[in-house]
Amino acid sequence: VQLVESGGGLVQAGGSLRLSCAASGSTSSINAMGWYRQAPGKQRELVAAITSGAGSTNYADSVKGRFTITRDNTKNTMYLQMNSLKPEDTAVYYCNADVVSVTTGVKYNYWGQGTQVTVSS
């Protein structure tokens, strides 16, 4: 499975961005997916996660009410709509996916290469 993020960029505080994560390869084996972020000098943290059927989501407290995670399994794509952005949201955002091999049942975890989000004050 390959994950490719897009949609990052520079935005002013209060603005919006939508990140996309396109999956390719054995996409039928993808289970839960999520967005993580890592700011300079800080640990990578979970921003939002979504189950395979999109029936359940969870968010970091710092983004609740501002960010929305969705996925379109027909397009093998996950999204993160980010509204009311703050300078503290500045980070590299990474896509993550849990995958189960359809042949062996072994679980794997994959990361995208990341996309930079910069929020100016």
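This text goes with the structure placed above it.
Computed from a predicted model, the values in this text were never measured in an experiment.

Looking at this structure, I do not really get unusual backbone geometry. What am I missing?
Excluding glycine, residues mostly carry a negative phi; peptide bonds, for their part, are mostly trans. Here Asn-76, not a glycine, exhibits a phi torsion of approximately 55°, which is positive. Although it is not a glycine, Ser-84 sits at a positive phi angle of roughly 50°. Mapping Ser-84 onto the fold places it in the loop between β8 (77-82) and β9 (91-100). Overall, the relative accessible area of 40% leaves Ser-84 in the partly exposed class.

Can you help me understand the environment of Gly-34 in this one?
As for its placement among the helices and strands, Gly-34 is situated in strand β4 (residues 30-38). Once you skip the residues sitting within four places of it in the chain, Gly-34 turns out to touch Ala-48, Ala-49, Ile-69, Met-78, Tyr-94, Cys-95 and Asn-96.

Is there a simple way to think about the state of the cysteines in this case?
The full count for this structure, using the stated rule, is 1 disulfide. Here Cys-21 is linked by a disulfide to Cys-95, with a sulfur-sulfur distance of 1.9 Å. Around the S-S axis, the bridge from Cys-21 to Cys-95 shows a dihedral of about -65° and counts as left-handed. With a gap of 74 residues between them, Cys-21 in strand β3 (residues 17-24) and Cys-95 in strand β9 connect regions that are remote in the sequence. Look at Cys-95 and you get buried, because its relative accessible area is 0%.

Teacher, can you tell me more about the pairing of strand β5 (residues 45-50) here?
Consecutive side chains of a regular strand alternate in pointing toward one face of the sheet and then the other. The sheet contact formed by β4 and β5 spans 5 bridges and is antiparallel. Paired with Arg-37 across the two strands is Glu-45, which belongs to β5. Here β4 hands over to β5 after 6 residues, with Gly-41 in that stretch at a positive phi of 80°. Hairpin connection from β5 to strand β6 (residues 57-59): 6 residues lie between these consecutive antiparallel strands, with Ala-54 at a positive phi of about 60°.

What's the story with the pairing of β8 in this structure? I'm lost.
Burial analysis of β8 places 5 of its 6 residues in the buried class, the great majority of the element. By the bridge criterion, 6 bridges tie β3 to β8 in an arrangement that is antiparallel. Note on β8: the bridge partner recorded for Ser-20 is Tyr-79. Pairing of strand β7 (residues 67-72) with β8, which is carried by 6 bridges, proceeds in the antiparallel orientation. Residue pairing across strands places Ile-69 opposite Leu-80, the latter belonging to β8.

Definitions and limits used
- Residues numbered from 1 in each chain as written.
- Predicted model: local features only at pLDDT ≥ 70, side-chain atom pairs only at ≥ 80, totals over all residues.
- Heavy atoms only, no water.
- Helix = DSSP H or I, 4+ residues; strand = E, 2+ residues; numbered from the N terminus.
- Buried < 20%, exposed > 50% of the residue type's maximum accessible area, 1.4 Å probe, protein only.
- Contact = heavy atoms within 4.5 Å.
- Disulfide = S-S within 2.5 Å.
- Pairing = 2+ DSSP bridges.

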